Amino acid sequence: MTVQPADGLSPATEFPAPSHDQWQSLVEGVLRRSGKDVTGTDAEEALSTALGDGLTVRPLYTSADATADPGLPGFAPFTRGSRATGNTTDGWDVRQHHQLADPVRLNEAVLGDLENGVTSLWLAVGGPGGVPVSGLDRALQGVHLDLAPVALDAGADPGPAVRELLGLYAARGVAKSAVRGSLGVDPLGQAARTGTEPETADAVHWARLCSREYPGLRALAVDALPYHEAGGSAAEELGLSLATGVAYLRALTAAGLSVEDACAQLEFRYAATADQFLTIAKLRAARRLWARVAEVCGAPDAGAQRQHAVTSPVMMTRRDPWVNMLRTTLACLGAGVGGAEAVTVLPFDHALGLPDAFARRIARNTSTILVEESHLARVTDPAGGSWYVERLTHELAAAAWAFFQEVERAGGQAAALRSGMVQERLADTWAARSRDLARRKEPVTGVSEFPTLDERPVEREPAPAAPSGGGLPRVRRDGAFEVLRARSDAHLAATGSRPKVFLAALGPASVHTARASFAANLFLSGGIEPVHEPVSVDASTAAAAFEASGAAIACLCSTDTLYAELADDVASALRAAGADRIFLAGRPGEYAGADVHVFAGCDVVAVLSSELDRMGVA
């Protein structure tokens, strides 16, 4: 029965289907009004966004962008999920990371987390900052090991920690069939972090033991975080995880395990970033690629990759760390929608040191809200079917597979690390990204955009230093700007004031506000305090205002028209008053009276670093 509304209009009334050409024509009109006279595909390209790995996000996706059938959840090629029900039964595994050396403090933190939403534990044992192996029993006192899976982060020598954990299971009467979690053995990942030669004999031993006696325990971790933390792109992270997984398959099958049993011993770990769509596509592409590896190895049904997603340490900032809560929420959303079985949300103060109880609470509640209140886990592969997501998954998988083949041609993961190929590739990628960060083409809120100089610093107990040596570096998006801000902080501590810049705004606020705000934001990102008092100046008032500001440099802010009329006279007055450097907010043009031009896309880090040098800010 069809129900007709009272006004006689049918909800099924058909509308004419717009064509792609019609949409493109409308885009051309909008771009013309913004000063860009482009037509056809050029108009669409003007609205496209370039990603890493040669990928491009276009403004419109249609059925013409459809890719090959991604299959069904729980079935090869597992693009849509490793399980038929995805995370819909009880959400994903909320896995909290702990790095505390004191077993008593660690026990308090662990019990508090398990009582308030955490479903598994990721424990640093041994190594810098980890709980001593001898303290693991005390750290897990009161924990029901048959209900709370444990994943180990035991560093370069996991053997003692593994033996201690397995001994605890036996001592507490936990049946081997009930043991869940991961031993976290990852010799190649540790080799990448430390620069040492990988040794796989112990990894093979533990994998054979788990395969034989602990059916729910995975021995090996294929950890892609070292490559992400070294500045690698999404495709590089995927390609290197594939190369690592294949290396482990070779070692395990050579030791007598079947391909199916070898695959069952691997857990893959990936970074989840605040680019939620790229995170979704990365996890989907990872499953598709690993399914292809399993298929080539003759075990297509064994390619259901188990994934542990960790919110990116690279994106975490030390300034304005509260914004990290938003970043990790987006990353957690991407990980959940992308189908990760386990998700670790790093606390918002992760970059500052050891997290406090409040930070850990916010971290675990991020997953709880997304699962319990937003019902994010009620739908399997909710992004599936989106032409954009499917196309991005396909293109990312292709780029990752191409890089994986490069690594294999170089002799495999160990050989590629040994030769420096991996290090060079990641360094080049990070150098290119660093240029975008320095030019604020990739903005970092609270750091390179909208910074606050007088924010109250968040102080935490220092975290243990990461191992140093010949391994891959650890980078952060805020790194270059953090150096500038630290110099400003040191200057403040030594002199009682920060370096200053006088904003010489020309004309009424209605014409200079945009560029004055831009300039203030730019200088603040380097720890240089802008003084904008009075609101506007001219040639007769600029000198007195500059002298009262206490600044040594000035920046002209206005429109190009007013620059042509007033800038020469105002700049002369400023120089006469002692300004030894004149900046101008705007691209280089006809007015040549400024020493430095600052504009959208300029190298902010280079400009401000040079200026701090010149001002004597050590």
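The paragraphs below set out a description of the structure included in this document. As the structure is a prediction and not an experimental result, all values here were calculated from the model. (Residues numbered from 1 in each chain as written. Predicted model: local features only at pLDDT ≥ 70, side-chain atom pairs only at ≥ 80, totals over all residues. Heavy atoms only, no water.)

**Description of the overall build of the protein**
Quick reminder of the rule: To qualify as a helix, a DSSP run of H or I must reach at least 4 residues; to qualify as a strand, a run of E must reach at least 2; elements of each kind are numbered from the N terminus. Taken over C-alpha atoms, the radius of gyration is set against a globule rule of 2.2 Å times the number of residues to the power 0.38. Each residue's exposure class comes from its accessible area (1.4 Å probe, protein chains only) as a fraction of the maximum for that residue type: buried when under 20%, exposed when over 50%, partly exposed otherwise.
Of regular secondary structure, the protein possesses 21 helices and 15 strands. For 618 residues, the compact-globule formula gives about 25 Å, and the C-alpha radius of gyration of the protein, at 28 Å, lands near that figure. When its C-alpha atoms are laid out on the principal axes, the protein stretches across 85 × 75 × 55 Å. Burial analysis of the protein (618 residues in total) assigns 50% to the buried set.

**Some thoughts on unusual backbone geometry**
Of note, the amide linkage connecting Ala-76 to Pro-77 takes the cis form, showing an omega dihedral of 10°. The residue Pro-77 is located in the loop between strand S2 (56-57) and strand S3 (93-98) in this model. If you check the backbone angles, Asp-53 has positive phi at about 65° while not being a glycine. Structurally, the position occupied by Asp-53 is in the loop between strand S1 (49-50) and S2. Of note, Phe-450 is a non-glycine position whose phi angle comes to about 55°, a positive value.

**Focus: the sheet that holds strand S10 (residues 342-344)**
How we decide: For two strands to count as paired, DSSP must find a minimum of two bridges between them. To obtain an axis, a line is fitted to C-alpha atoms, over the contacting stretch when the element is a helix, and the angle between two such axes runs from 0 to 180 degrees between their N-to-C directions. Note on contacts: a residue pair is in contact if any heavy atoms of the two residues lie within 4.5 Å.
The strand order around the closed barrel built from eight strands is S3-S4-S5-S6-S7-S8-S9-S10, with neighbouring strands paired in parallel fashion. Across the sheet, the mean angle separating the axes of adjacent strands is 30° when strand polarity is ignored. Here S3 runs beside S10; their pairing, made up of two bridges, is parallel. Residue Val-94 lies in a different strand from S10, and its bridge partner there is Val-343. Helix H7 (residues 201-213) rests against strand S6 (181-185) and strand S7 (217-223) of the sheet, and its axis sits at about 140° to S7. Lying over the sheet, helix H11 (residues 276-296) contacts strand S8 (266-272) and strand S9 (307-311), oriented at roughly 155° with respect to S8.

**A few points about the pattern of salt bridges**
Here is the rule we go by: Salt-bridge detection follows one rule: a side-chain nitrogen of Lys or Arg within 4 Å of a carboxyl oxygen of Asp or Glu.
Taken as a whole, this structure holds 39 salt bridges when the rule is applied. Two residues, Arg-425 and Glu-406, come together in a salt bridge whose shortest N-O distance is 3.3 Å. With Arg-425 in helix H16 (residues 421-438) and Glu-406 in helix H14 (residues 387-409), this residue pair connects regions lying 19 residues apart in the sequence. Among the ionic pairs, Glu-611 bridges to Arg-581, the shortest N-O distance being 3.3 Å. A residue pair is termed long-range when its members are at least 10 positions apart, and Glu-611 in helix H21 (residues 604-614) and Arg-581 in the loop between helix H20 (560-576) and strand S14 (582-585) qualify at 30 residues. For Arg-581, a relative accessible area of 22% puts it in the partly exposed group.

**A short note on the side chain of Thr-311**
Put simply, the rule reads: Polar contacts, as counted here, are pairs of nitrogen or oxygen atoms within 3.5 Å of one another; within protein the pair requires one atom able to donate a hydrogen and one able to accept it, and residues that are adjacent in sequence qualify only if both atoms are side-chain atoms.
Secondary-structure assignment places Thr-311 in strand S9. Of the polar contacts made by the side chain of Thr-311, one reaches the backbone nitrogen of Leu-346; its length is 2.8 Å. Ignoring anything within four residues of it in the chain, the contact list for Thr-311 reads Ala-272, Thr-328, Ala-331, Cys-332, Thr-344, Val-345 and Leu-346.

**Here's the deal with the sheet that holds S14**
Reading across from one edge, S12-S11-S13-S14-S15 is the order of the five strands in this open sheet, with parallel pairing throughout. The sheet is open, and its two borders are formed by strand S12 (529-531) and strand S15 (596-598), each paired with just one other strand. Within the sheet, the average angular offset between the axes of one strand and its neighbour, ignoring direction, is 30°. Bridge analysis of strand S11 (residues 500-505) against S12 gives three bridges, and the strand direction is parallel. For Val-501, the partnering residue across the bridge sits in S12 and is Pro-530. Docked against the sheet, helix H19 (residues 542-549) engages S11, S12 and strand S13 (553-557), running at close to 155° with respect to S11.

All quantities given are derived from atomic positions and should not be read as evidence of function.
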